[in-house]
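Chain by chain, the residues run as shown.
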Amino acid sequence: MSDPLERPPLGDLPTDEFRRALHRAADLIADYVDNPQAHRVTPRLAPGGLRALLPPAPPAQGEALDALLDDYQSLIVPNSTHWNHPGFLAYFANSATAPGILGEMLAAALNVNAMLWRTGPAATELEEHVCDWLRQMMDLPPEFRGHINDTASISSLLALAAARQRVGDPSMREAGMSGRSDLPRLTVYASDQAHSSIDKALITLGLGLNSLRRVPVDDAFQMIPAALAERIDADRQAGMRPFAVVATAGSTSTTSIDPLERVAEVARSRGVWLHVDAAYAGSAAICPEIRARMAGMELGDSIVVNPHKWLFTPVDCSVLFLRDPESLRAAFALTPDYLKTTEAGVTNLMDYGPQLGRRFRALKLWMVIRGFGVEGLRARIRRHVELAQEFRGWVAADPRFEICAPSPLSVVCFRLLRGATPEVQDAANDALLASVNADGAVLLSSTRLRGRVVLRVAIGNVRTEREHVHRAWELILAGAGGLPA
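Residues numbered from 1 in each chain as written. Predicted model: local features only at pLDDT ≥ 70, side-chain atom pairs only at ≥ 80, totals over all residues. Heavy atoms only, no water.

Trainee: Help me understand the overall build of the chain in this model?
Mentor: A tally of regular secondary structure across the chain gives 15 helices and 11 strands. Since a compact globule built from 485 residues should have a radius of gyration of about 23 Å, the 25 Å found for the chain is in line with a globular shape. Along the three orthogonal principal directions, the C-alpha set of the chain runs to about 90 × 65 × 45 Å. In the chain, buried positions account for 50% of the 485 residues. If you take every contact in the chain between residues at least 6 apart in sequence, the share linking residues at least 24 apart comes to 73%. Taken as a whole, the chain presents about 22,300 Å² of accessible surface, with 55% of it coming from carbon and sulfur. If the 50 positive side-chain charges of the chain are averaged to one point and the 55 negative ones to another, these points end up 4 Å apart. (Helix = DSSP H or I, 4+ residues; strand = E, 2+ residues; numbered from the N terminus. Rg over C-alpha atoms; globule rule 2.2 N^0.38 Å. Buried < 20%, exposed > 50% of the residue type's maximum accessible area, 1.4 Å probe, protein only. Contact = heavy atoms within 4.5 Å. Areas by Shrake-Rupley, 256 points an atom, 1.4 Å probe, with all protein chains shown as cover. Lys, Arg positive; Asp, Glu negative; His and termini not counted. Charge placed at Lys NZ, Arg CZ, Asp CG, Glu CD.)

As structure tokens, then:
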């Protein structure tokens, strides 16, 4: 007779079952990475289409891991947008590579929360070390210290919080901003090409969008330093407190690079923090000839670069470099009794942002750098720049199109010249974009420059080759030919 108190075993699933599923998952991953172009870049899926295929309620009893993998293969993969696809030429490409995927898998197994050194010694020290590797690769001065966040949006938010702490008003940590008549308006300066994450950072920090001053750009979409100086001086004379400038090295729409040395001179002469947004282009700074185009980046107080964009590391991985990390620590360090430890002289990553939980993101970046080597990474970035310049040549040689911005890196901005008015031309370019993307072999994106619709080809996927870029051009030509004159 069985024991009435006997219960089914709890805990995790059996290891042998897990091992079999891991082997199958490894094959699924390897097959997918080997041929992501077996799929369309974007799926033929209407909004809500996937949810309609899913059970409305969760299962009461556990299901076999094979069933989970079956559904992954039949439901998730075909209904995803494939950023790993070599025809993904939209936005800023990111691509997961073999060493990075291994790092992500192994980090999930360790399941480290590196909030304190004690809770993640290897994760903390590897993060510090791999960020210093990247610092060296980007030829930044040794005083810069990096740590890893999820995205550039959060890295820039933290940079501005550090700037507010050091240059703004330190009393805001205790007294806050609400209802204070003694506090002047704090102002931030960025060009009209700056990323929208800067706007969101000001919203989050309680400064408001009215605190953001837009600095005009020149014909190459680069910030005009003289205009920056004028705006800072005018605001200061009006009783405001300028505290940060955001310069861009590789802007989102055009990849323009602000004149960083001159911008830094303006910021430094006026005692204002300089944050350099190099989320996309910072990875390319590992190539000395491209790094030379970003002269002055090393003069920033903070710099953000996203290895998950052009350094082939799986999302998410954003490195924030700080010249004075104590400014950030002063803004956020807070240690309740239940998190106090006895170790001295260690880094507790929880002190460098609002989040307590810290994923082991450094592991995948460490493996990517080791797996490809610095020279291997440089070669891939250089190839992307070459492909972009070749594509630009095709566009420039066709009188039906115009190039709309310089292409210092691997993005080309262009538009179709069709229609008697700018508005008709905009509609033609929207229609062309829709035509190209409907094919499924490639994905392009668009933006607006000086109020007009502009198409973008952004090359940065590790698997993109000339054939994929040429296929995009063929689809562009076919789409243009099918539009009304």
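Trainee: Before we go on, may I ask you to explain helix 1 (residues 15–34) in this structure?
Mentor: Residues spaced three or four apart along an α-helix point in a common direction, a consequence of the helix completing one turn every 3.6 residues. An ideal rise of 1.5 Å per residue puts 28 Å on 20 residues; helix 1 measures up with 28 Å between its terminal C-alpha atoms. Of the positions making up helix 1, those classed as buried are Ala 21, Leu 28 and Tyr 32. Mapping the buried residues of helix 1 onto a view down its axis gives an arc of 35°, with all of them on the same face. Counted as exposed and oriented over 90 degrees from the buried face of helix 1: Thr 15, Arg 19, Arg 20, His 23, Asp 27 and Asp 34. (Expected span 1.5 Å × (residues − 1). Arc of directions from axis to C-beta.)

Trainee: Sorry, what's going on with the pattern of salt bridges here?
Mentor: Side chains bearing opposite charge may pair, as long as their charged atoms lie close to each other. A full pass over the atoms with the stated rule returns 31 salt bridges. Linking Arg 383 and Glu 386 is a salt bridge whose minimum nitrogen-to-oxygen distance equals 3.5 Å. With Arg 383 and Glu 386 both in helix 13 (residues 362–396), this residue pair falls 3 residues apart, about one helical turn. We classify Arg 383 as partly exposed; its relative accessible area is 31%. You can call Glu 386 partly exposed: its relative accessible area is 47%. A salt bridge links Asp 426 to Arg 452; the shortest N-O distance between them is 2.7 Å. With Asp 426 in helix 14 (residues 422–438) and Arg 452 in strand 11 (residues 452–458), this residue pair connects regions lying 26 residues apart in the sequence. One network of salt bridges, with partners in common, ties together Glu 104, Asp 316, Arg 359, Arg 361 and Lys 364. (Salt bridge = Lys/Arg side-chain N within 4 Å of Asp/Glu carboxyl O.)

Trainee: Explanation requested: the nonpolar core in the structure shown.
Mentor: What tends to happen in soluble globular proteins is that the nonpolar side chains get buried as a cluster. Met 138, Leu 228, Val 245, Met 294, Met 297, Phe 321 and Ile 381 are the most contacted members of the largest nonpolar core, which totals 71 residues. Considering every element that reaches this core, the biggest residue donor is helix 13, with 8 residues. Once residues lying within four places of it in the same chain are set aside, the contact partners of Met 297 are Met 138, Leu 140, Leu 260, Val 276, Ala 278, Ala 285, Arg 291 and Ile 303. Counting 28 residues, the second-largest nonpolar core is a separate cluster that includes Ala 190, Leu 205, Leu 207 and Leu 320. (Core = buried A, V, L, I, M, F, W, Y, C linked by side-chain atoms within 4.5 Å.)

Trainee: Looking at this structure, how should I read the sheet that holds strand 3 (residues 212–215)?
Mentor: The strands making up a sheet associate through backbone hydrogen bonding, with each pair oriented either parallel or antiparallel. Ordered in space as 1-7-6-5-4-2-3, the 7 strands form an open sheet in which the pairing is mixed. Strands with a single pairing partner mark the edges of an open sheet, and in this sheet they are strand 1 (145–149) and strand 3. For this sheet, the mean inter-axis angle between neighbouring strands, taken without regard to orientation, is 20°. Where strand 4 (residues 241–248) and strand 5 (residues 273–277) come together, 5 bridges link them in parallel fashion. Looking at the pairing, Ala 244 lines up with Trp 273 of strand 5. Its contacts with the sheet put helix 4 (residues 121–137) on strand 1, strand 6 (302–305) and strand 7 (318–322), and the angle it makes with strand 1 is roughly 115°. (Pairing = 2+ DSSP bridges. Axes fitted to C-alpha atoms, helices over the stretch in contact; angles between N-to-C directions.)

Trainee: I tried to follow the sheet that holds strand 10 (residues 445–449) on my own but got confused; where do I start?
Mentor: If you trace the 4 strands from one edge of the open sheet to the other, you get 8-9-11-10, paired in antiparallel fashion. Edge positions in the sheet fall to strand 8 (401–403) and strand 10, since each of these pairs with one other strand and no more. The mean angle between the axes of side-by-side strands here comes to 40°, regardless of whether they run parallel or antiparallel. Of the strands in this sheet, strand 8, strand 9 (411–416), strand 10 and strand 11 are in contact with helix 14, which crosses strand 11 at around 30°. Against the sheet, helix 15 (residues 466–481) makes contact with strand 8 and strand 9, and its axis sits at roughly 135° relative to strand 8, the strand it touches most.

Trainee: Would you mind showing me how to read the side chain of His 384 here?
Mentor: Looking at where His 384 falls in the secondary structure, it is placed in helix 13. The buried category is assigned to His 384, whose relative accessible area is 2%. A polar contact of 2.9 Å, which involves the side chain of His 384, links it to the backbone oxygen of Asn 461. The residues touching His 384, leaving out its near neighbours within four places in the chain, are Trp 310, Phe 312, Ser 410, Ile 459, Gly 460, Asn 461, Val 462 and Thr 464. (Polar contact = N/O pair within 3.5 Å; in protein donor to acceptor, adjacent residues only side chain to side chain.)

Trainee: Is there a simple way to explain the environment of Asn 461 in this structure?
Mentor: Relative to the assigned elements, Asn 461 resides in the loop between strand 11 and helix 15. Distance from Asn 461 to Thr 97, taken between C-alpha atoms, is 9.8 Å for residues 364 residues apart in sequence. Every residue in contact with Asn 461, bar those within four places of it in the chain, is listed here: Trp 83, Asn 84, His 85, Pro 86, Ala 93, Asn 94, Ser 95 and His 384. Here the side chain of Asn 461 touches His 85 through a polar contact of 3.3 Å, landing on its backbone oxygen.

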